[in-house]
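# A structural walkthrough
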Amino acid sequence: MVGATESPNQATKLEVRDLSIYYGDQPALQNINLTVREHEIFGIIGPANSGKTSFLRVLNRMEMFVPSMKVKGQILFGGRDISKWRNVYALRRLIGVVFPLPVGLPLSIYDNVSLSPRLAGIRKRADLDIIVEKCLRRAALWDEVKDRLNSLGSLLSGGQQQRLTIARALSQNPQLLLLDEFSIAVDPVTTMRIEDVLKELKKEITIILVTNLVQQARRLADRTAFFLSGRCVEIGETEQMFSGKTEDPQTQAYLEGRFG
Amino acid sequence: MMIGTNRPQSIDPAKLDRRDAAWLVDKLVQVVVFIGGISGIIFIIGIFVFVTSEGIGFLTSTFKFTEFFGSIQWRPTSNNPTYGILALIAGTASVTGLAMILAVPFSIGAAIFIAEFASGKVREALKILVELLAAIPSVVWGFIGLSIMNPLIIETFGVPIGLNVLNSGVILGLMAAPIMTTIAEDALKAVPDTYREAAEAMGATRWQVVFRVVLPAAKNGLVAAILLGVGRGFGETMAVLMASGHSINLPTSVFDSVRALTATIAAELGETAVGSEHYQVLFTLGILLFLVTFVINLTADLIVKGVRKK
Ligand SMILES: Nc1ncnc2c1ncn2[C@@H]1O[C@H](COP(=O)(O)OP(=O)(O)OP(=O)(O)O)[C@@H](O)[C@H]1O
Ligand SMILES: [Mg+2]
């Protein structure tokens, strides 16, 4: 692991100020304040309905898809307020997203991974070939699909599709990668391989990892936030949290699995 | 059973064989549905057998393949009758072709707008409008061709007659467009929103989402929509009869009058003696139409099925 990435005063990649999210009048998330540093894996854990997915959604302004969703507060990405970013498409290209349930686009495997570079204007087949292979290798999928790159991505198994979406997110060459319970459809061995890739990746990019597996947060996250019923109960260094030095007893209870 | 009693659970064998109400209703419904489905097939076969039996007399006697398909001499009532349908085929093909050239881009565009861009009231209004258009009877379209398009074409292009390929092509295009739009829109709507969301999350713009993800995903449905439109145009009779000029011609421009296969049958069948050669020839045309429409619809169907398999 690279020593410099661990230093506490490294640059801030994402800053969230007083963020609240509502569905209609129902609050899903209230008064969140946090910062995510460059080159860290920022873990978010918490029980169902605590607002983790809603949080990720607003980071690349995907709230537009849910008309009832309202966002208050500020999100600064690279120091700029994302709500003032006129070209949301440019913002989204900087942020890769992996959804909990894999969405293999109904295109060939090759086209799934090369779509984003194509949208960004890369045309040469040779360049695309390189990107496709690199991203599929990183997502631990290359060996399984290298002989059938032209078959439909949506025909892959659930776990393979999930890795395909990871490859697709990587193909954007993102600065920030949002992973929402990525291992939900992936077998344990592959999960471990992807976790290794994430550890490698953080040398280059910043990662926010939402996970239901507290041990996964422990393995990967530099710092971890605990969300509960729409509030951020605690943010801390992962090591400290898991060595029993939690600020809030609820966090301790959740980590130990003593929780509704 | 109470938890913790560990008693083995037994299954009453009589229960497994009992014909209860739900079982009976299920069987009954199966029979009814089977009869319904079979009767559809029987009707189609019956019609085909009827049309074929009426036309078979000609097919087995006077019918000469090269004359039938290669000659433009359609003179069924002359003393020395010739039955060349090349001009009729050309008439149908040119009118349907022009209709598709006009209607396909328009319908697909309208479907994309309704399915992907219009929202709320605009979308509902458009859908109702399209359905209304689809419900206009073909004789009304023919009337529009005769009384509005005809003088309009004469005036605009300075041609002697306005009943021609252009007129009937436009009319047929207008008639086919609503059906094609509706089916194409269904195909687009069948593309799950998760695809759109995933693509937009990658930074694709709305247009990029439509062109790179939604259209490829809906491809088969769109092709089926177009084929059904072609079938519609091909089989249309009344409007074409009224708007095409109904004169035998190998068209060299859109301002030539033509005669369509369907219109020929409609116009001439009433004046022939049942069982005469002319009568039989018209039924032979019917067989031809039947086969072509059947192939078009079957292709459309297979393509739609192809979509489901994937
Ligand atoms: N589209 C929506 N419309 C209305 N309410 C929603 C919508 N999506 C989420 N919510 C509500 O917002 C709250 C937070 O949901 P969210 O999906 O962010 O939770 P989560 O922490 O990701 O849960 P999980 O671990 O089950 O994925 C929940 O109470 C949920 O009911
Ligand atoms: Mg979630």
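Everything numeric in this text was worked out from a predicted model, so none of it was measured.

Parameters at a glance
- Residues numbered from 1 in each chain as written.
- Chains lettered and ligands numbered in written order.
- Predicted model: local features only at pLDDT ≥ 70, side-chain atom pairs only at ≥ 80, totals over all residues.
- Helix = DSSP H or I, 4+ residues; strand = E, 2+ residues; numbered from the N terminus.
- Rg over C-alpha atoms; globule rule 2.2 N^0.38 Å.
- Buried ≥ 20, exposed ≤ 12 C-beta atoms within 10 Å, placed from the backbone.
- Contact = placed C-beta atoms within 7 Å.
- Axes fitted to C-alpha atoms, helices over the stretch in contact; angles between N-to-C directions.
- Parallel < 35°, antiparallel > 145°, perpendicular 65-115°, else oblique.
- Left-handed = near helix turned anticlockwise from the far one by under 90°.
- Nonpolar A, V, L, I, M, F, W, Y, C, P; charged D, E, K, R; others polar.
- Near = placed C-beta within 6 Å.
- Expected span 1.5 Å × (residues − 1).
- Bend = angle between axes of the 7 residues up to and from the residue.
- pLDDT = per-residue confidence, 0-100.
- Pairing = 2+ DSSP bridges.
- Domains from an automatic or database assignment.

With that settled, the discussion passes to the overall build of chain B. A count of helical and extended segments in chain B gives 12 helices and 2 strands. Put simply, chain B runs from its N terminus to its C terminus through helices and strands in the order α-α-α-β-β-α-α-α-α-α-α-α-α-α. The C-alpha atoms of chain B give a radius of gyration of 26 Å, which is well past the 19 Å a tight globule of 310 residues would have. Expressed as lengths along the three principal axes of its C-alpha atoms, the size of chain B is roughly 100 × 55 × 30 Å. Going through the 310 residues of chain B one by one, you find that 38% of them count as buried. Relative to all contacts within chain B whose residues are 6 or more apart in sequence, the contacts with residues 24 or more apart total 72%.

Residues and elements named next belong to chain A. Following both chains from N to C, one finds helix α4 (residues 125-138) and helix α6 (residues 158-171) inclined at 130 degrees, their axes separated by 8 Å at the closest point. Considered as vectors, α4 and α6 are oriented oblique to each other. Between α4 and α6 lies a crossing whose hand is right-handed. Each of Ile 131, Cys 135, Leu 136 and Arg 138 in α4 lies in contact with α6, whose residues at this interface are Ala 167, Leu 170 and Ser 171. Here the contact of α4 with α6 is built from residues that sort into 5 nonpolar, 1 polar and 1 charged.

Residue and element names in this part refer to chain A. Taken N-terminus to C-terminus, the directions of helix α3 (residues 109-119) and α4 make an angle of 115 degrees; their axes are 9 Å apart at the nearest point. When the interaxial angle is binned, α3 and α4 end up roughly perpendicular. The handedness of the crossing between α3 and α4 comes out as right-handed. Residue-level contacts link Tyr 110, Val 113, Ser 114 and Pro 117 of α3 to Leu 128, Ile 131, Val 132, Cys 135 and Leu 136 of α4. Of the residues in the contact of α3 with α4, the class split is 8 nonpolar, 1 polar and no charged.

Our focus in this paragraph is the environment of A:Pro117. All names here are of chain A. With respect to the helices and strands, Pro 117 occurs in helix α3. Along the primary structure Pro 117 and Leu 128 are separated by 11 residues, whereas in three dimensions their C-alpha atoms are 7.3 Å apart. Setting aside residues up to four positions removed in sequence, Pro 117 forms contacts with Ile 122, Leu 128, Ile 131 and Ser 171.

All names here are of chain A. Every residue near ligand 1 is listed here: Tyr 23, Ala 28, Gly 46, Ala 48, Asn 49, Ser 50, Gly 51, Lys 52, Thr 53, Ser 54, Val 66 and Ser 68. Take the shell around ligand 1: its biggest share by element is 3 residues, from helix α1 (residues 52-59). Across the shell around ligand 1, the residue classes break down as 4 nonpolar, 7 polar and 1 charged.

It is worth spelling out helix α4 (residues 86-117) of chain B at this point. Along its 32 residues, α4(B) runs 45 Å from first to last C-alpha, staying within 8% of the 46 Å computed at 1.5 Å per residue. Where α4(B) bends most, at B:Ala103, the angle is about 30 degrees, and the proline B:Pro105 comes one to four residues later.

The next point concerns the confidence of the model for chain A. Residues and elements named next belong to chain A. Per-residue pLDDT for chain A averages 89, and the proportion of residues at 70 or more is 96%. Here helix α10 (residues 249-255) stands out as the element of chain A with the lowest mean pLDDT, 88, in contrast to strand β8 (residues 206-210), whose mean of 96 is the highest. For residues 1-7, every residue scores under 50 in pLDDT, and the model assigns this stretch 5 contacts once sequence neighbours within four places are set aside.

All names here are of chain B. The first and last C-alpha atoms of helix α7 (residues 165-189) sit 34 Å apart over 25 residues, in line with the 36 Å expected at 1.5 Å per residue. By the largest-angle criterion, Ala 176 marks the main kink of α7, which is about 30 degrees, and a proline, Pro 178, follows within four residues. Counted residue by residue, α7 has 23 buried out of 25 residues, so it is predominantly covered.

Right, let's get into the sheet that holds strand β10 (residues 231-237) of chain A. Where strands meet in a sheet, backbone hydrogen bonds hold them as pairs that are either parallel or antiparallel. Residue and element names in this part refer to chain A. Reading across from one edge, β6-β7-β8-β3-β9-β10 is the order of the 6 strands in this open sheet, with mixed pairing throughout. Both outer strands of the open sheet, β6 (95-98) and β10, are each paired with one neighbouring strand and no more. Here the average twist between neighbouring strands, direction ignored, is 15 degrees. Pairing analysis gives 4 bridges linking strand β3 (residues 41-45) to β8, with the strands arranged parallel. Residue Gly 43 lies in a different strand from β8, and its bridge partner there is Leu 209.

A regular strand carries its side chains on alternate faces of the sheet. Residue and element names in this part refer to chain A. Relative to strand β2 (residues 26-37), strand β1 (residues 12-23) is paired through 8 bridges, and the arrangement is antiparallel. Paired with Leu 14 across the strands is Val 36, a residue of β2. Hairpin connection from β1 to β2: 2 residues lie between these consecutive antiparallel strands, with Gly 24 at a positive phi of about 65 degrees. Note: β1 against strand β4 (residues 69-77), 8 bridges, orientation antiparallel.

Right, let's talk about the interface of chain A and chain B for a bit. With 18 residues of chain A at the interface, the matching set in chain B holds 16 residues. When residues in the side of chain A that touches chain B are grouped by element, the largest group, 4 residues, is from helix α2 (residues 88-94) of chain A. Grouping the amino acids of the side of chain A that touches chain B by side-chain chemistry returns 13 nonpolar, 3 polar and 2 charged.

On to the sheet that holds β4(A). Residue and element names in this part refer to chain A. Overall, antiparallel pairing links the 4 strands, which are arranged β2-β1-β4-β5 in an open sheet. At either margin of the open sheet sits one strand with a lone partner, and together these are β2 and β5 (80-81). Across the sheet, α1 is in contact with β1, β2 and β4; its angle to β2 comes to roughly 65 degrees.

By a widespread convention, an interface's size corresponds to the accessible area lost as its parts come together. We note that the domain assignment places domain 1 (22-61) and domain 2 (86-273 + 295-309) within chain B. For domain 1 of chain B and domain 2 of chain B, the distance between their C-alpha centroids amounts to 30 Å.

Next up on the list: unusual backbone geometry. The phi angle of most residues is negative, glycine excepted, and most peptide bonds adopt the trans form. Residue and element names in this part refer to chain A. Located in the positive-phi region is Ala 140, a residue other than glycine, with phi close to 60 degrees. By the secondary structure assignment, Ala 140 is in the loop between α4 and α5 (142-145). The buried category is assigned to Ala 140, around which 22 C-beta atoms lie within 10 Å. At Glu 181, a position not held by glycine, the phi torsion is positive, near 45 degrees. Among the structural elements, Glu 181 can be located in the loop between β7 (176-180) and α7 (188-201). Taking the C-beta count within 10 Å as the criterion, Glu 181 has 19 such neighbours and is therefore assigned partly exposed.

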